[in-house]
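# A look at the structure
Each chain, written out:
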Amino acid sequence: MEQSALTELFQQGKFSSIIRASEKEFAWKEDEYLSKMIALAYDQYAQQQKDLEKKKRYEECARFIFNSIIKMNPKSSEAMRGLGLVYLHEYQLSKSLQYYKKAFRIDGGALDYLSLGNVYRAKKQKKNALLWYGKALKISQLRIPALMNLMGIYREIGDERRAAKYESILKRETKSVPNKSQWKSIKKRVDRAISRKMKTSS
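Everything in this summary refers to the structure shown in the same document. These numbers come from a predicted model, not from an experiment.

## What about the nonpolar core?
Among the nonpolar cores identified, the biggest contains 60 residues, and Ile38, Tyr42, Ile65, Phe66, Leu150, Tyr154 and Tyr166 are the most heavily contacted of them. Here this core takes 10 residues from helix 3 (residues 32-46), the largest share from any one element. In this view, Leu150 contacts Leu130, Tyr133, Leu137 and Tyr166; residues no more than four positions away in its chain are not counted.

## What to know about the environment of Gly117
With respect to the helices and strands, Gly117 occurs in helix 7 (residues 111-122). Of the residues examined, Gly117 reaches a relative accessible area of 0% and is grouped as buried. Sequence-wise, Gly117 and Asn128 are 11 residues apart; in three dimensions their C-alpha atoms are separated by 7.0 Å. Not counting residues within four places of it along the chain, the set of residues in contact with Gly117 comprises Ala129, Trp132 and Tyr133.

## Side note on helix 4 (residues 52-72)
Counted at 1.5 Å a residue, the expected span for helix 4 with its 21 residues is 30 Å, and the 31 Å between its end C-alpha atoms agrees. Among all positions of helix 4, only Lys55, Tyr58, Glu59, Ala62, Arg63, Ile65, Phe66, Ile69 and Ile70 are buried. Buried residues along helix 4 cover an arc of 160° about the axis, so they all sit on one side. With respect to the buried face of helix 4, the exposed residues turned more than 90 degrees away are Glu53, Phe64 and Lys71. Buried-residue contacts for helix 4 involve helix 2 (15-24), helix 3 and helix 5 (77-89). Taking the backbone nitrogen of Glu53 as reference, a side-chain oxygen 2.8 Å away marks Asp51 as the first, capping residue of helix 4.

## Section: the pattern of salt bridges
Under the definition given, this model contains 12 salt bridges. In this structure, Glu78 engages Arg81 in a salt bridge whose closest nitrogen and oxygen atoms are separated by 2.9 Å. Of the two residues, Glu78 and Arg81 are both situated in helix 5; the distance of three residues between them amounts to about one turn of the helix. Measuring nitrogen to oxygen at the nearest pair gives 2.4 Å for the salt bridge that ties Glu167 to Arg155. Here Arg155 lies in helix 9 (residues 143-156) and Glu167 lies in helix 10 (residues 160-174), a separation of 12 residues in the sequence. Taking the relative accessible area as the measure of exposure, Arg155 reaches 35% and is therefore partly exposed.

Thresholds, definitions, all that
- Residues numbered from 1 in each chain as written.
- Predicted model: local features only at pLDDT ≥ 70, side-chain atom pairs only at ≥ 80, totals over all residues.
- Heavy atoms only, no water.
- Core = buried A, V, L, I, M, F, W, Y, C linked by side-chain atoms within 4.5 Å.
- Buried < 20%, exposed > 50% of the residue type's maximum accessible area, 1.4 Å probe, protein only.
- Helix = DSSP H or I, 4+ residues; strand = E, 2+ residues; numbered from the N terminus.
- Contact = heavy atoms within 4.5 Å.
- Expected span 1.5 Å × (residues − 1).
- Arc of directions from axis to C-beta.
- Polar contact = N/O pair within 3.5 Å; in protein donor to acceptor, adjacent residues only side chain to side chain.
- Salt bridge = Lys/Arg side-chain N within 4 Å of Asp/Glu carboxyl O.

Here is the structure:
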């Protein structure tokens, strides 16, 4: 299984094709990059499932592969981020937080700021979420999602003044602000961006 072919399939969202290929060929198990990609494919494919049993099964496969990577390389921050993502999708938030923190302690990846903010927000720990989104705001490639999350979280806590402040900045920097019907689509794009960032980091 070639890295370039696998990367192309991932970028096209052909997660089931990656999974089928991995079931026919097993050499990838010795390659950390390929293993990470296949685990991410299982996780992303799980999110597409309407059948909860299938979703659970694919998430279990993703977790198994990420854990196998950590057994081979206990310092694999990317595998730890992968587990953080899987546990976030499973809404096991304490475990998600644990693995994102481990990854951050190893190499302090830029996306960790946003990921940790997302987990704290899901845990209803608004103060911690604001802290991490504020750090993400200082990183150019995370600025727009950080602004969206800051605007959203201040709306959630009823602070319309600060929400309006970040909305104004967002309008100025993007020329538009998403309406409610667009938020789900944006969240999916952010999740995909996080996964793609993980796969390109080696």
